Amino acid sequence: MEKIILTGDRPTGRLHIGHYVGSLRRRVELQNSGEFSEIYILIADAQALTDNADNPEKVRSNIIEVALDYLACGIDPDKSSIVIQSALPQLPELTFYYANLVTVPRLQRNPTVKSEIEMRKFGEGIPVGFFTYPISQAADITAFKATTVPVGEDQEPMLEQTREIVRKFNSVYGDTLVEPNILLSTNKACLRLPGTDGQAKMSKSLGNCIYLSDTPEEVRRKVMNMYTDPDHLKVTDPGKTEGNTVFTYLDAFCYDGCFAEFLPEYADLEELKEHYRRGGLGDVKVKKFLYSVLEETLEPIRQRRLALQKDIPAIYDILRKGTEEGSRKAASTLNEVRNAMKINYFDDADYIRRQSEEYAKQDK
Ligand code: ATP
Ligand code: MG
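Below is a summary of the structure that appears in this document. (Residues numbered from 1 in each chain as written. Chains lettered and ligands numbered in written order. Predicted model: local features only at pLDDT ≥ 70, side-chain atom pairs only at ≥ 80, totals over all residues. Heavy atoms only, no water.)

A look at the side chain of Asp 237
Part 1 of the reasoning: Relative to the helices and strands, Asp 237 is located in the loop between helix H11 (216-224) and helix H12 (245-253).
Part 2 of the reasoning: Summary of buried charges: Asp 237 has no salt-bridge partner, and the nearest side chain of opposite charge, Lys 234, is 4.1 Å away. (Helix = DSSP H or I, 4+ residues; strand = E, 2+ residues; numbered from the N terminus. Buried < 20%, exposed > 50% of the residue type's maximum accessible area, 1.4 Å probe, protein only. Lys, Arg positive; Asp, Glu negative; His and termini not counted. Salt bridge = Lys/Arg side-chain N within 4 Å of Asp/Glu carboxyl O.)

Structural notes on the packing of helix H1 (residues 17-33) against H12
Part 1 of the reasoning: Contact geometry for H1 and H12: axes closest at 11 Å, N-to-C directions at 30°. In terms of orientation, H1 and H12 fall into the roughly parallel class. The handedness of the crossing between H1 and H12 is left-handed. On H12, the residues that touch Ile 17, Tyr 20, Val 21 and Arg 25 of H1 are Tyr 249, Ala 252 and Phe 253.
Part 2 of the reasoning: For the contact of H1 with H12, a count of residues per class yields 6 nonpolar, no polar and 1 charged. (Axes fitted to C-alpha atoms, helices over the stretch in contact; angles between N-to-C directions. Parallel < 35°, antiparallel > 145°, perpendicular 65-115°, else oblique. Left-handed = near helix turned anticlockwise from the far one by under 90°. Contact = heavy atoms within 4.5 Å. Nonpolar A, V, L, I, M, F, W, Y, C, P; charged D, E, K, R; others polar.)

Examining H1
Part 1 of the reasoning: Between the first and last C-alpha of H1 there are 22 Å, a value that for 17 residues agrees with the 24 Å anticipated at 1.5 Å per step.
Part 2 of the reasoning: In the structure, H1 departs most strongly from a straight axis at Ser 23, where the bend amounts to approximately 45°.
Part 3 of the reasoning: With 12 of its 17 residues buried, H1 lies for the most part within the structure. (Expected span 1.5 Å × (residues − 1). Bend = angle between axes of the 7 residues up to and from the residue.)

Section: the pairing of strand E3 (residues 81-84)
Part 1 of the reasoning: Burial of E3 is two-sided: the residues Ser 81 and Val 83 facing one way and the residues Ile 82 and Ile 84 facing the other way are all buried.
Part 2 of the reasoning: With 4 bridges connecting them, strand E2 (residues 38-43) and E3 associate as parallel partners. Residue pairing across strands places Ile 41 opposite Ile 82, the latter belonging to E3. (Pairing = 2+ DSSP bridges.)

Things to note about unusual backbone geometry
One can expect most non-glycine residues to show negative phi and most peptide bonds to be in trans.
Part 1 of the reasoning: For Lys 121, which is not glycine, the phi torsion reads 50° and is therefore positive.
Part 2 of the reasoning: Residue position: Lys 121 is located in the loop between helix H6 (111-119) and helix H7 (128-131).
Part 3 of the reasoning: Of note in this structure, Lys 145 is not a glycine but carries a positive phi near 55°.

Here's the deal with the environment of Lys 204
Part 1 of the reasoning: Looking at the element boundaries, Lys 204 is found in the loop between helix H10 (188-191) and H11.
Part 2 of the reasoning: Distance from Lys 204 to His 16, taken between C-alpha atoms, is 7.8 Å for residues 188 residues apart in sequence.
Part 3 of the reasoning: Setting aside residues no more than four positions away along its own chain, Lys 204 makes contact with Arg 10, Thr 12, Gly 13, Arg 14, His 16, His 19, Cys 209 and Tyr 211.
Part 4 of the reasoning: From its side chain, Lys 204 meets the backbone oxygen of Arg 10 in a polar contact 2.6 Å long. (Polar contact = N/O pair within 3.5 Å; in protein donor to acceptor, adjacent residues only side chain to side chain.)

Given below as structure tokens:
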């Protein structure tokens, strides 16, 4: 079977280093592996409107920011189609049909939706569109016949819900949709990168992010203010590395050669952690090292972004072309779905002929 990737992001802000380690870095590797026949990256603006309905300008202005971040990180428009979600009417149509296959309690049990509702303080006032977004996400994934979905850990319940919808659809209407697999990072620190404030998840909505497009000064300031171990007061105190955000970021970003380049007195990350746990290693030293490690990744991305920013109409052309490619794929899937559901009234000449024969018989 052909291998197809679908993944995406909500244009609610510029992309941050959590997106990078959770999904983006992997997407670029997969794109360049040549293993996938089609790759679709969805800028999920319609989904972003489910909790930003009163702020369309925010969503609109962030489309270009997300596109610039993608391209700066190495997404190649000749290999991956960048698709604007709201430009594909096939997606809400699929959502409408899938909604009949999902119950309200099943949606209420979705742990990601639960925690996001809490985080957004909706209380009883949850917008219907937001509540049902896992169904629209199932439409996004299945419209492209995706086999592989590289995302962060918070998306696991969405993938499970999608797989259920696919199984239900195929059992009711016949084999039509493809059951997708989630592709999670094997590096534990990358599954859900915490915020600079130590909160469980770096998230645009929580304002605890280091953005891919931050200036070196911003990155330095954010790193220097990062949450570490609150009990590690004096340099000589023993410190905790577990749950210490600075070390989690090092787990996510350190690569072979980092120590030789920036901190040659240690052989590797384990040795650095060991010293911190023993006591005698100050936060400032570790943070300075982290800053250098981060900059090694961020500086080339920043430079590419600055170059890309010089020709904004060219970015919109890339988006238009990607959206056209995505639209063709979604239209073909929708056609199959309509046939399977037997709502293809005008196209089924055989059915019309049989019906007329039936009526003709009655006339006799
Ligand atoms: P919002 O707060 O608007 O929901 P977000 O920061 O959660 O924004 P999304 O656009 O919802 O970002 O997520 C895009 C992708 O990035 C998803 O695959 C998600 O799993 C991944 N992702 C987001 N935040 C993190 C994180 N902190 N660590 C790892 N992956 C992440
Ligand atoms: Mg999110």
